[in-house]
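Each chain, letter by letter, is given below.
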Amino acid sequence: MSLTLLATTHRVAPGLLTWRAWDALRSASAVRARTGHPLLPSLGDAGVVPELVDEPDAASLVADARRADVLWIAAPEGDEALMREIGHLVVSDPLEVEVLHGSYDLPGARLLDLVSVMDTLRRDCPWDRKQTHATLVPYLLEEAYEVLDTIEAGDYGALREELGDVLMQVAFHSVVAAERDDETAFTIDDVAGAIVDKLVRRHPHVFGDVTVSGADEVNANWEQIKAAERAEKSGEEASALDGVPMGQPALSLAAQLQRRAARLDAPSGLADGLVTNDDDNNDDDLGERLFGLVREAVARGLDAESELRAVSRVFRDRVRAWERSNRSD
């Protein structure tokens, strides 16, 4: 005689079980489950009628399994405490016990938990309930900069948590958008679907029949596809600068504008005389000189924002060292 503990995951639709799990359900002498288990409707469709209990008793399950083949359907979130009790009972008086996994999480399954948690927070938390796209913007920027900070510091152990914070912001904006009842509404599935479509469309060398010789050609194809997308969206008014976020930090903005312009073979003279001032007493070309430094960084394959941030970190460390030395004096 034996006891089978059937484990399933709530991240897979009830009833999507392995053949071995269905075979065990049909062949067991007795099948037991909690009242209200999400698998019950599927069991009924398959002609399996389990005995329902409010809470399982480990001693009863083990005792009955010594007389017949008993199958217990564990709760979708697991029955760790029950399995531990059963383990203690069969140590001194052995019994054949098998844990049978009837369904498995697929990669990305925990994203379903994030969607569920965000729906609950939006419904039940007063602070989460009152947020809008606009009020969430500072948090999205803050979390993105924390990811950048972690990468630049080489703290890859903390990167998982910081990326999770960014992912939460994506889920938050999606649940806010899903509440609208006009054409601007969308769900997190729409967000995921749109980026999947874009990635497939922009990688014809992976998902299509295009052949490339290397990364440079991949990048060139990517830019051609983006240009075609802009033309389709904006027609004759389409510009290579469409989509450049003007709200980003000034150094990275200048660099992105210059990179986009360079792809057009635009004349370098377009950058000349960018700063003009009618006040002869305050003729300051600082902005133009900064723009020129960014152009120099782009030409050298460097990121001006990262370079300035690196120097700023050195300066920060020097100031902190000076503070420590003065405190010790």
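Residues numbered from 1 in each chain as written. Predicted model: local features only at pLDDT ≥ 70, side-chain atom pairs only at ≥ 80, totals over all residues. Heavy atoms only, no water.

Chemist: Looking at this model, I keep getting lost on the confidence of the model for the protein chain. Mind explaining?
Modeler: Interpretation of the predicted coordinates at a detailed level should be avoided for regions scoring low in pLDDT. Here the protein chain averages 87 in pLDDT, while 93% of its residues score no lower than 70. Within the protein chain, helix α6 (residues 126-129) carries the highest mean pLDDT (97), whereas helix α12 (residues 250-263) carries the lowest (80). (pLDDT = per-residue confidence, 0-100. Helix = DSSP H or I, 4+ residues; strand = E, 2+ residues; numbered from the N terminus.)

Chemist: I would appreciate a short explanation of the sheet that holds strand β2 (residues 30-34) in the present structure.
Modeler: Hydrogen bonds between backbone atoms are what pair the strands of a sheet, whose relative direction is either parallel or antiparallel. Here we have five strands laid out as an open sheet, ordered β3-β2-β4-β1-β5, and parallel in their pairing. In this open sheet, the two strands that pair with only one neighbour each are β3 (51-53) and β5 (96-101). For this sheet the average axis-to-axis angle between neighbouring strands, irrespective of direction, equals 25 degrees. Relative to β3, β2 runs parallel, the two being bridged by three bridges. Residue pairing in the sheet places Ala 33 in a bridge with Leu 52 of β3. Running over the sheet, helix α1 (residues 19-27) touches β1 (2-7), β2, β4 (70-73) and β5 and is turned about 135 degrees from β5. Packed on one face of the sheet, helix α4 (residues 80-92) meets β1, β4 and β5 and runs near 160 degrees to β1. (Pairing = 2+ DSSP bridges. Axes fitted to C-alpha atoms, helices over the stretch in contact; angles between N-to-C directions. Contact = heavy atoms within 4.5 Å.)

Chemist: Any chance you could explain the nonpolar core here in plain terms?
Modeler: Among soluble globular proteins, nonpolar side chains are generally buried collectively. Leu 6, Leu 17, Leu 25, Val 31, Leu 43, Leu 71 and Ile 73 are the most contacted members of the largest nonpolar core, which has 15 residues in total. Per element, the largest residue contribution to this core is four residues, and it comes from α1. Here Leu 71 is in contact with Thr 4, Leu 6, Ala 24, Leu 25, Ala 28, Ala 30, Val 31 and Arg 32, once residues within four sequence places are set aside. Core analysis: the next-biggest nonpolar cluster, separate from the first, contains 13 residues, Val 62, Ala 65, Val 90 and Leu 95 among them. (Core = buried A, V, L, I, M, F, W, Y, C linked by side-chain atoms within 4.5 Å. Buried < 20%, exposed > 50% of the residue type's maximum accessible area, 1.4 Å probe, protein only.)

Chemist: So what exactly am I meant to see when it comes to a nonpolar patch on the surface here?
Modeler: Taken together, the side chains of Ile 195, Val 196, Leu 199, Val 200, Val 206 and Phe 207 present a nonpolar region at the surface, about 530 Å² in accessible area. Those elements giving two or more residues to the nonpolar patch turn out to be α9 (188-201) and α10 (204-207). In terms of residue count, the dominant contributor to the nonpolar patch is α9 (four residues). A residue is classified by how much of its surface remains accessible, and Leu 199, at 38% relative accessible area, is partly exposed. (Patch = residues over 30% accessible without salt bridge, like charges linked within 9 Å, V, L, I, M, F, W, Y side chains within 5 Å. Areas by Shrake-Rupley, 256 points an atom, 1.4 Å probe, with all protein chains shown as cover. Salt bridge = Lys/Arg side-chain N within 4 Å of Asp/Glu carboxyl O.)

Chemist: Help me out: how do you make sense of the pairing of β2 in this one?
Modeler: On a regular strand, one side chain projects to one face of the sheet and the next to the other, so that they alternate. The element β2 is largely enclosed, with a buried count of four among its five residues. Judged from the four bridges that link them, β2 and β4 form a sheet pairing that is parallel. Bridge pairing in β4 links Ala 30 to Val 70.

Chemist: For this particular structure, what's the right way to read the environment of Pro 249?
Modeler: Summarising the element assignment, Pro 249 is placed in the loop between α11 (215-234) and α12. For Pro 249, a relative accessible area of 27% translates into the label partly exposed. Distance from Pro 249 to Glu 305, taken between C-alpha atoms, is 8.2 Å for residues 56 residues apart in sequence.

Chemist: What am I meant to see in helix α13 (residues 286-299) here?
Modeler: Residues separated by three or four positions in an α-helix point in the same direction, a consequence of the helix having 3.6 residues per turn. Here α13 spans 20 Å end to end across 14 residues, near enough to the 20 Å set by a 1.5 Å rise per residue. Within two residues after α13, Gly 301 carries a phi angle of roughly 75 degrees, on the positive side. (Expected span 1.5 Å × (residues − 1).)

Chemist: I tried to follow the environment of Arg 110 on my own but got confused; where do I start?
Modeler: Checked against the element boundaries, Arg 110 lands in helix α5 (residues 110-124). For Arg 110, a relative accessible area of 56% corresponds to the exposed category. In this structure the C-alpha to C-alpha distance between Arg 110 and Arg 11, which are 99 residues apart in sequence, comes to 7.7 Å.

Chemist: Quick question: what am I supposed to make of the packing of helix α3 (residues 58-65) against α4 here?
Modeler: Packed helix pairs are characterised by how far apart their axes lie and by the angle those axes make with each other. α4 packs onto α3 with a crossing angle of 50 degrees between their chain directions and a minimal axis gap of 9 Å. Accordingly, the angle class assigned to the pair α3 and α4 is oblique. Crossing geometry of α3 relative to α4 is assigned as right-handed. Facing α3, whose interface residues are Ala 58, Ala 59, Leu 61 and Val 62, α4 presents Leu 82, Glu 85, Ile 86, Leu 89 and Val 90. Per-class residue counts for the contact of α3 with α4 are eight nonpolar, no polar and one charged. (Parallel < 35°, antiparallel > 145°, perpendicular 65-115°, else oblique. Left-handed = near helix turned anticlockwise from the far one by under 90°. Nonpolar A, V, L, I, M, F, W, Y, C, P; charged D, E, K, R; others polar.)

Chemist: What's the story with the packing of aromatic side chains in this structure? I'm lost.
Modeler: What describes a pair of aromatic rings is the distance from one ring centre to the other and the angle between the planes of the rings. Scanning all chains against the criterion turns up two aromatic pairs. Geometrically, the ring pair formed by Trp 127 and Tyr 139 is edge-to-face, given 5.8 Å between the ring centres and 80 degrees between the ring planes. Taken together, the positions of Trp 127 in helix α6 and Tyr 139 in helix α7 (residues 133-152) put the pair 12 residues apart, joining distant regions of the chain. Look at Trp 127 and Phe 172: their rings are 6.5 Å apart centre to centre, the planes differ by 65 degrees, and that puts the pair in the edge-to-face class. Of this pair, Trp 127 sits in helix α6 while Phe 172 is found in helix α8 (residues 156-178), placing the two residues 45 residues apart along the sequence. Residue Trp 127 is classed as partly exposed on the basis of its relative accessible area of 37%. Overall, the relative accessible area of 2% leaves Phe 172 in the buried class. Connected via pairs of aromatic rings, a cluster forms that spans Trp 127, Tyr 139 and Phe 172. (Phe/Tyr/Trp six-rings, centres within 6.5 Å; stacked < 30°, edge-to-face > 60°.)

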